[in-house]
Amino acid sequence: MQIEAAARAPIEIMGDLGSLKVLVVDDEASIREALESYLYHLGISTVHTAQNGKFALEALKTEKYDYLFMDLMMPEMDGMELLNNLDSNGRPMSIIVMTGYPSMEKVIEAMRNGASDFLIKPFRLQDLKISMERVHRLHSLAKKNWILKRQLEQKRQVEKLNQELRAKIREKTLLYDIIDSLSRVNRSDDLYSYLIQKALQVCDASKACFFLYDQEKKGLIALSQKGLDSVPPGHQIALEPDHQQNRCICPDFIKIHFNGTYEAKIPIDHPSFFPELLSIPFRIRQELFGVMLIGGKRNGAAFSQEDKFLMNFLAERTAQNIENLALYDSLKENLFATLGALVSAIEARDPYTRQHSQRVTQVALRIAQAMDRPFEDCRRLESSGPLHDIGKIGIDDHILKKPGRLTEEEFKNIQAHPLIGVHIVSPLGLDEQELAVIRNHHERWDGKGYPDGLKGDEIPLLARILSVADAFDAMNSDRAYRKALPFKHCIDELIKNRGAQFDPKVVDAAVQVLEPYSHE
Ligand SMILES: [Fe+2]
């Protein structure tokens, strides 16, 4: 074989040839010598030779080669056996098979066993260079491909982790939001509408209903809903026991209101999870007290495990909150009852004021109803009315019971009772309007009242209502210094002070409510 000039040019694309190590394995000495000489001429500094597979294995024990050129047909150990004996540690980077008897099966077998390329004898020396370049290119491509694949895999993993992270953040944010917003619900009345609103937000749904469980009647009573106008508060559903005696909801109800397509009955005593519906039981100390149904997930999506997990969390937290509120409500009721009893006791000491606050509250309630005030306002009058004069606890008895005219100082003393009252009830958590009943029930429409000198609409409405009821009862009951004024006279007095002491609209409502009794 002749070394042609062109073939002596360095293999540029392979970089530093001086650092390459090549092993040539062939039983023909002339071929070994020609290849060794050619490879040195290419600039490769380490070229070793071996006469068969056995010697090659010996050489491979002490040196790590980049290229291995090997014949297939050799005595003692042929090329195929050599390939089979190469372990992964001693395996050169690239193996190029040289054979004079090309059989496709042999070549394929050699490639399967790790050969990168093959040369058919006789070949030109520059074919060595071409083969090395080709193998190098293949390795570079394979390496690039491997790197790209690895990067793609890493990118996928990062995206997956990001998705998981985003889902975790959403979940934690929702959990925090549930805890945080529940801690701000401090009235039982607000709790159930909060529950509905939160369930719809958490599950991205459009329909939800909270039912109380009626253990005696084995039924459900709707308490609060959204998106289900045909299920008003108080709507009752009888439960059908199934064969295992598990409680369940009549499937017709689900079909009608939640567009369910399944026939299965919905058990209410454990969380149930259907594509179109989520059913979450609410328990206090293991006892079932309610169930929430959520349906109409947006964009026709199905409910997920995450929805179920979050709703269970909401149910558990709410149960704790309901327990606390019930405890608080009962404490609050006790305090109200105690203070109410205190007011009654004070009023009872003076025969002229006995039961005054209770009567005032009743008249105020009738006026509020005649004015079409909402239920909430009536409830406020019921809670704050009996306590409107509780501040009188702080006023000396001799002033309260004084039959004659009060001195200026005594009158100032009496005028302090609304503010003393507000101070006494402040720990009860009354709302602004309830407090206003106690603070402002002595304000006058013309601004000449006390303690704040408010005028007209500046005076909170419930205080204006109680003021009329208070004045009416004061006129209509006996006093130490006079007998009760006749009923008709009291009404005339209210009318006379319409627009001066009293809100004209409240007087009109009071006259409407009281007049029928004036003929009794
Ligand atoms: Fe008063």
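As the structure is a prediction and not an experimental result, all values here were calculated from the model. Chains are numbered independently. Their residues run from 1 in the order of the written sequence. In keeping with the predicted nature of the model, local features appear solely for residues at pLDDT of at least 70, side-chain atom pairs appear and are counted solely at 80 or more, and the whole-chain, interface and lining totals rest on all residues. Note: side-chain values were computed over all heavy atoms of the structure, leaving out hydrogens and water.

> What exactly am I supposed to notice about the overall build of the protein chain here?
Secondary structure assignment for the protein chain yields 17 helices and 13 strands. With a 1.4 Å probe rolled over the protein chains alone, any residue whose accessible area is under 20% of its type maximum counts as buried; one over 50% counts as exposed, and the rest are partly exposed. Within the span of the protein chain, comprising 520 residues, buried residues form 44% of the whole. Put simply, of all contacts in the protein chain between residues at least 6 apart along the chain, 59% involve residues at least 24 apart. Entry remark: accessible area of the protein chain is about 28,000 Å², with carbon and sulfur atoms responsible for 53%. The way it works is that DSSP assigns letters per residue, a run of H or I at least four long becomes a helix, a run of E at least two long becomes a strand, and they are numbered from the N terminus. Contacts: residue pairs with any heavy atoms within 4.5 Å of one another. In short, Shrake-Rupley with a 1.4 Å probe defines the accessible areas, and a residue's cover is counted only from the protein chains shown.

> Mind showing me how you'd approach the coordination of the iron ion here?
In ideal tetrahedral geometry, four donors around a metal make angles of 109.5 degrees, whereas ideal octahedral geometry with six donors gives angles of 90 or 180 degrees. Here the term donor refers to an N, O or S atom within 2.8 Å of the metal (or 3.2 Å for Na, K and Ca), and because water is left out of the atoms, sites may appear incomplete. Protein-derived coordination of the iron ion comes from D389 (OD), H417 (NE2), H441 (NE2) and H442 (NE2), at a distance range of 2.1 to 2.4 Å. For the iron ion, the four donor atoms in the first shell make angles of 82 to 169 degrees at the metal, so the coordination geometry reads as irregular. Each donor residue of the iron ion belongs to the same chain, and together they define the spacing D-x27-H-x23-H-H. In this pair, D389 is assigned in the loop between helix 10 (375-384) and helix 11 (397-400) and H417 in helix 13 (residues 417-425), connecting sequence segments 28 residues apart. A relative accessible area of 7% places D389 in the buried class. The exposure class assigned to H417 is buried, which follows from its relative accessible area of 1%. Only four donors with every angle between 85 and 135 degrees are called tetrahedral; only four or six donors with opposite donors over 155 degrees apart and all others between 65 and 115 are called square planar or octahedral, in that order; all others are irregular.

> Would you mind going over the sheet that holds strand 7 (residues 219-226) with me for this structure?
Strand-to-strand pairing in sheets goes through backbone hydrogen bonds, with the strands running parallel or antiparallel. Taking strand neighbours across the sheet as the criterion, the six strands line up as 8-7-6-13-12-11 in an open arrangement whose pairing is antiparallel. Each having just a single partner strand, strand 8 (236-238) and strand 11 (272-273) make up the two edges of the open sheet. Here, a strand pair is defined by DSSP locating no fewer than two bridges between the strands. In this structure, strand 11 lies alongside strand 12 (residues 277-284), joined through two bridges in antiparallel fashion. The partner of F273 across the bridge, within strand 12, is L278.

> Even after reading the chapter, I still don't get the environment of L39, so can you show me in this structure?
For L39, the location among the structural elements is in helix 1 (residues 29-42). Counting along the chain gives 22 residues from L39 to L17, while the straight-line C-alpha distance between them is 9.7 Å. For L39, the residues in contact, after removing those within four places along its chain, are V22, V24, I44, V47 and M132.

> Would you take a moment to explain the packing of aromatic side chains for this structure?
By convention here, two paired aromatic rings are described through the distance between centres and the angle between planes. Two rings from Phe, Tyr or Trp (for Trp, the six-membered ring) form a pair when their centres sit within 6.5 Å of each other. Planes less than 30 degrees apart are called stacked, planes more than 60 degrees apart edge-to-face, and all others tilted. Summed over all chains, the structure comprises four aromatic pairs. Relative to F282, the ring of F210 lies with its centre 5.1 Å away and its plane at 90 degrees, an arrangement referred to as edge-to-face. Within this pair, whereas F210 is found in strand 6 (residues 205-214), its partner F282 is found in strand 12, the two being separated by 72 residues in sequence. In terms of burial, F210 and F282 fall into one category: buried. Measuring from centroid to centroid gives 5.3 Å for F472 and F487, while their planes differ by 75 degrees, and the two rings are edge-to-face. Taken together, the residues F472 in helix 15 (residues 461-475) and F487 in helix 16 (residues 487-496) connect sequence positions 15 residues apart. An aromatic cluster is built from Y192, F210 and F282, whose rings are joined through pairwise contacts.

> What exactly am I supposed to notice about the confidence of the model for the protein chain here?
Caution applies to low-pLDDT parts of the model: their predicted coordinates are not meant to be read in detail. On a range of 0 to 100, pLDDT expresses the predictor's confidence in each residue. When pLDDT is averaged along the protein chain, the result is 83; 87% of the residues meet or exceed 70. With pLDDT under 50 throughout, residues 1-12 is counted as low confidence; its partners more than four residues away or in other chains account for 27 contacts.

> When you look at the side chain of R380 in this model, what are you seeing that I'm missing?
For R380, the location among the structural elements is in helix 10. Not counting the four nearest positions on each side in its chain, R380 is found in contact with G385, D431, Q433, E434 and L462.

> Would you explain the environment of D26 in this entry?
With respect to the element layout, D26 can be found in the loop between strand 1 (21-25) and helix 1. D26 gets classed as buried once you look at its relative accessible area, which sits at 0%. For the pair D26 and N52, spaced 26 residues apart in the sequence, the C-alpha separation amounts to 6.0 Å. Once residues within four sequence positions are removed from consideration, D26 is found in contact with I31, R32, A50, Q51, D71, M74, M98 and K121. Think of a polar contact as two N or O atoms within 3.5 Å of one another; within protein, one of them needs to be a possible hydrogen donor and the other a possible acceptor, and neighboring residues in sequence only count if both atoms come from side chains. Within the structure, D26 has its side chain in polar contact with the side chain of K121 (distance 2.8 Å).

> I'm lost on the nonpolar core in this one. Help?
Nonpolar core, defined: a set of buried Ala, Val, Leu, Ile, Met, Phe, Trp, Tyr and Cys residues in which side-chain atoms within 4.5 Å join the residues together. In terms of nonpolar packing, the biggest core is built from 30 residues, with C203, F210, F282, M292, I294 and M311 touching the most fellow members. Considering each element in turn, this core owes the most residues, nine residues, to helix 6 (residues 188-203). Ignoring any residue separated from it by four or fewer positions in sequence, one finds F210 in contact with Y192, L195, I196, I221, A222, L223, S224, F282, F289, G290, V291 and M292.

> Help me out: how do you make sense of the pairing of strand 5 (residues 117-120) in this one?
Side-chain positions along a regular strand alternate between the two faces of the sheet. By the alternation rule, side chains of strand 5 split into D117 and L119, which are all buried, and F118 and I120, of which none is buried. Alignment of strand 4 (residues 94-99) against strand 5, held across four bridges, turns out to be parallel. Bridge pairing in strand 5 places M98 opposite L119.

> Even after reading the chapter, I still don't get the pairing of strand 7, so can you show me in this structure?
Where strand 6 lies against strand 7, seven bridges are found, and the strand directions are antiparallel. Residue C209 lies in a different strand from strand 7, and its bridge partner there is Q225. Between strand 6 and strand 7, which pair antiparallel in sequence order, lie four residues; one of them, K218, sits at a positive phi of approximately 50 degrees. Looking at chain direction, strand 7 and strand 8 are connected through three bridges and run antiparallel. Within strand 8, the position partnered with L220 by the bridge is I237.

> Sorry if this is basic, but what is going on with the pattern of salt bridges here?
Pairing of side chains with opposite charge becomes possible as their charged atoms draw close. Only one rule defines a salt bridge in this text: a Lys or Arg side-chain nitrogen within 4 Å of an Asp or Glu carboxyl oxygen. The full count for this structure, using the stated rule, is 28 salt bridges. The salt bridge involving E306 is made with R170; its shortest N-O contact spans 3.2 Å. Residue E306 is found in helix 8 (residues 305-349), and its partner R170 is found in helix 5 (residues 125-184); the two are separated by 136 residues along the sequence. A relative accessible area of 36% means that R170 is categorised as partly exposed. Ionic pairing is found between D492 and K488, a salt bridge with its closest N-O pair at 3.2 Å. Of this pair, D492 and K488 both sit in helix 16, four residues apart, roughly one helical turn.

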